[in-house]
Amino acid sequence: MNEQISKISQFIATTQMFNSLPSEHLQAVSQIAKFQIYQKKEPIFWEGEAGVGFFIVFSGKVKVFKFSPEGKEQILHIFSTGEHFAEVPAFDGKCYPASAEALTKTELLFFPRIEFLKLLENHPKIAINMLSVFAKYLRLFAKLIEDLSLKEVPGRLAVYLLELSDRSSDPSEVKLDMSKSQLAASLGTIPETLSRVFAKLSEQKLISIDGKSIKLLNIPALRVLSAEKRNQF
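These numbers were taken from a predicted model, which means no experiment stands behind them.

Student: Tell me about helix α1 (residues 2-12), and name the residues and values.
Tutor: Buried within α1 are the following residues: I5, I8, S9, F11 and I12. Buried residues of α1, seen end-on, are gathered within an arc of 165° and therefore sit on one face of the element. Exposed and oriented more than 90 degrees from the buried face of α1 are N2, E3, K7 and Q10. Residues of α1 that are buried make contact with α2 (23-32), β3 (53-59) and β8 (106-112).

Put into structure tokens, the structure is as follows:
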């Protein structure tokens, strides 16, 4: 057990949520963490279920998503190793506002709400550390809302490709980090529409596609496209 706690402590020390904490705080957090394994496509929780705690991805990938009244899936975010999700219900005690599902075989660290709140009472520095993390995700979701409401699908796709480019060692060539159906859901559209947009950008010589690998042939034009607002009239 001590070996597992030590392993968890070393891991969470690398995460954004806990990386600035002293070793004694890391140990305290690690002691309440519960190791969980989910298979591909296995649900982690459903929207409306009681928010009994939050999670950090130890390995694998998790999508957090919602369904529209018509049954259309909107992916809010895809989380990978070291990233955390479902923290807000862990604080306010309300239901999960969205659903979560493992995209691959996934290992999670689960932090039960009651135990974690008791921990924060004893170690308020942990709560202060988390505030900056919450601010980052507030900005992220504000940007998501702006993109979905103010940009057409080509603009949303251009934003996504440029974000991949910024993280790539070769800015002119990127690799999709999710399937095209998942990307469509993430961009608030359907696979058929996304395929047409990919084809249009290829015809315009802005990109070239080879499976999941995409060459960005005209980055300045993609930046212009990413900044275009939806025609409201």
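Student: Mind laying out the pattern of salt bridges, listing which residues take part and the relevant values?
Tutor: If you walk through the whole model with that rule in mind, you get four salt bridges. Where K66 meets E47, a salt bridge forms, and the shortest distance between an N and an O atom there is 2.8 Å. Taken together, the positions of K66 in strand β4 (residues 62-67) and E47 in the loop between β2 (43-45) and β3 put the pair 19 residues apart, joining distant regions of the chain. E47 gets classed as partly exposed once you look at its relative accessible area, which sits at 39%. Here D177 makes a salt bridge to R167, at a shortest N to O gap of 3.4 Å. Remark: R167 occurs in helix α6 (residues 153-167) and D177 occurs in the loop between β9 (173-175) and α7 (180-186); sequence separation between them is ten residues. By relative accessible area, D177 is classed as partly exposed at 30%. A cluster of three or more residues bridged by salt bridges with shared partners is formed by K63, E73 and E101.

Student: Summarise the nonpolar core; cite the residues concerned and give the values.
Tutor: Ranked by size, the top nonpolar core spans 38 residues in total, and within it F18, F55 and F85 carry the most contacts. Sort the elements by how many residues they give to this core and β3 lands first, with five residues. Other than its neighbours up to four places away in sequence, F55 contacts Q36, Y38, I44, F45, E83, H84, F85, A86, Y96, L108, L109 and F110. Counting residues in each nonpolar core, the second largest holds 29 residues, with L164, L176, L216 and I219 among its members.

Student: Now, about the packing of α2 against helix α4 (residues 113-122): what can you tell me, with residues and values included?
Tutor: The interhelical angle for the contact between α2 and α4, taken along N-to-C directions, is 160°, at an axis separation of 10 Å. Relative to α4, the element α2 is oriented roughly antiparallel. Crossing angle aside, the handedness with which α2 passes α4 is right-handed. Across from A28, V29 and I32 in α2, the residues of α4 making contact are E115, F116 and L119.

Student: Break down the sheet that holds β2 for me, with residues and values.
Tutor: Spatial strand order, β2-β7-β4-β5: four strands in an open sheet with antiparallel pairing. Of all the strands in the sheet, the pair left with one neighbour each is β2 and β5 (73-79). Recorded for the sheet is a direction-independent mean angle of 30° between the axes of neighbouring strands. Bridge count between β4 and β5: six bridges; the pairing is antiparallel. Residue K63 lies in a different strand from β5, and its bridge partner there is I78.

What counts as what
Residues numbered from 1 in each chain as written. Predicted model: local features only at pLDDT ≥ 70, side-chain atom pairs only at ≥ 80, totals over all residues. Heavy atoms only, no water. Buried < 20%, exposed > 50% of the residue type's maximum accessible area, 1.4 Å probe, protein only. Helix = DSSP H or I, 4+ residues; strand = E, 2+ residues; numbered from the N terminus. Arc of directions from axis to C-beta. Contact = heavy atoms within 4.5 Å. Salt bridge = Lys/Arg side-chain N within 4 Å of Asp/Glu carboxyl O. Core = buried A, V, L, I, M, F, W, Y, C linked by side-chain atoms within 4.5 Å. Axes fitted to C-alpha atoms, helices over the stretch in contact; angles between N-to-C directions. Parallel < 35°, antiparallel > 145°, perpendicular 65-115°, else oblique. Left-handed = near helix turned anticlockwise from the far one by under 90°. Pairing = 2+ DSSP bridges.

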